[in-house]
Amino acid sequence: AWLPKATVQAAVGGTALELAVELNLGPEQVARAELVLMLSVLVILLTAPIGAIGIAVAGPKYLTLDKADDISTLPTKSTGLAAHDSNAAES
């Protein structure tokens, strides 16, 4: 949550340039919008790998099952999802 999200950055960068050109705001505003786009791309290139590394490191730590009981409720290949769903409906 502390790192900028790539989808937001991509939308902001492209929108600024599109509006500056579409509204014919002049060369100074187009240059500023191009700067916003370049910075958006730079932020994406810098923060995406940091986020991926953070997920790879923190994911296994925080995405583990705490109790052995939790494992028994998960569907297996032998029982299949349908068996798991019917057991849940009976409970």
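Note on numbering: residues in each chain are counted from 1, in written sequence order. Since the coordinates come from a predicted model, pLDDT governs what is reported: local features require at least 70, and pairs of side-chain atoms require 80 or more to be given and counted, while whole-chain, interface and lining totals use all residues. Excluded from the side-chain calculation are hydrogens and water; included are all heavy atoms of the structure.

**Side note on the environment of Thr7**
Worth spelling out the cut-off: Secondary structure follows DSSP: runs of H or I at least 4 residues long count as helices, runs of E at least 2 residues long count as strands, and numbering of each begins at the N terminus. Burial classification: accessible surface area is computed with a 1.4 Å probe over protein chains only, and a residue below 20% of its type maximum counts as buried, one above 50% as exposed, and the rest as partly exposed.
Inspection of the secondary structure assignment puts Thr7 in helix α1 (residues 6–22). Judged by relative accessible area, which is 64%, Thr7 ranks as exposed. Distance in space between the C-alpha atoms of Thr7 and Ile44 is 8.8 Å, their sequence separation being 37 residues.

**As for the packing of α1 against helix α2 (residues 27–62)**
Counted only if it meets this: Axes, fitted as lines to C-alpha atoms, cover a helix only where it is in contact. Angles between the N-to-C directions of the axes lie from 0 to 180 degrees. Comment on the angle field: the value is read as roughly parallel under 35 degrees, roughly antiparallel over 145, roughly perpendicular from 65 to 115, and oblique elsewhere. For a crossing to be left-handed, the near helix must be turned anticlockwise from the far one by less than a right angle; the clockwise case is right-handed. Note on contacts: a residue pair is in contact if any heavy atoms of the two residues lie within 4.5 Å. Asp, Glu, Lys and Arg are counted as charged, while Ala, Val, Leu, Ile, Met, Phe, Trp, Tyr, Cys and Pro are counted as nonpolar; the rest, among them Gly, fall into the polar class.
At a minimum axis distance of 8 Å, the contact between α1 and α2 shows a crossing angle of 165 degrees. Compared by their axis directions, α1 and α2 come out roughly antiparallel. Our pair here, α1 against α2, has a crossing hand that is left-handed. On the side of α1, the interface is formed by Ala6, Gln9, Ala10, Val12, Gly13, Gly14, Ala16, Leu17, Ala20 and Val21, while α2 contributes Gln29, Val30, Ala33, Glu34, Val36, Leu37, Ser40, Val43 and Ile44. Residues of the contact of α1 with α2, tallied by class, amount to 13 nonpolar, five polar and one charged.

**A word on α2**
Worth spelling out the cut-off: Multiplying one less than the number of residues by 1.5 Å gives the expected span of a helix. Bend is the name given here to the angle between axes fitted to two runs of seven residues, the run ending at a residue and the run starting at it.
With 36 residues, α2 should cover 52 Å at 1.5 Å per step; its first-to-last C-alpha distance of 50 Å lies within 8% of that length. Along α2, the largest kink reaches about 25 degrees and is centred on Ala56; proline Pro60 follows within four residues of it. Here α2 has its buried residues at Ala33, Ser40, Thr47 and Gly59. Taken together, the buried residues of α2 touch α1.

**Quick word on the environment of Ala20**
By the secondary structure assignment, Ala20 is in helix α1. Setting aside chain neighbours within four positions, we find Ala20 in contact with Leu25, Gln29, Val30 and Ala33.

**Some words on the pattern of salt bridges**
Rules: Note on definitions: salt bridges are taken to be side-chain nitrogens of Lys or Arg within 4 Å of carboxyl oxygens of Asp or Glu.
Summed over the entire model, instances satisfying the criterion amount to one salt bridge. A salt bridge links Glu28 to Arg32; its shortest N-O distance comes to 2.8 Å. One end of the pair, Glu28, and the other, Arg32, are both in helix α2, four residues apart, so they sit about a helical turn from each other. Under the relative-accessibility criterion, Arg32 is labelled partly exposed at 48%.

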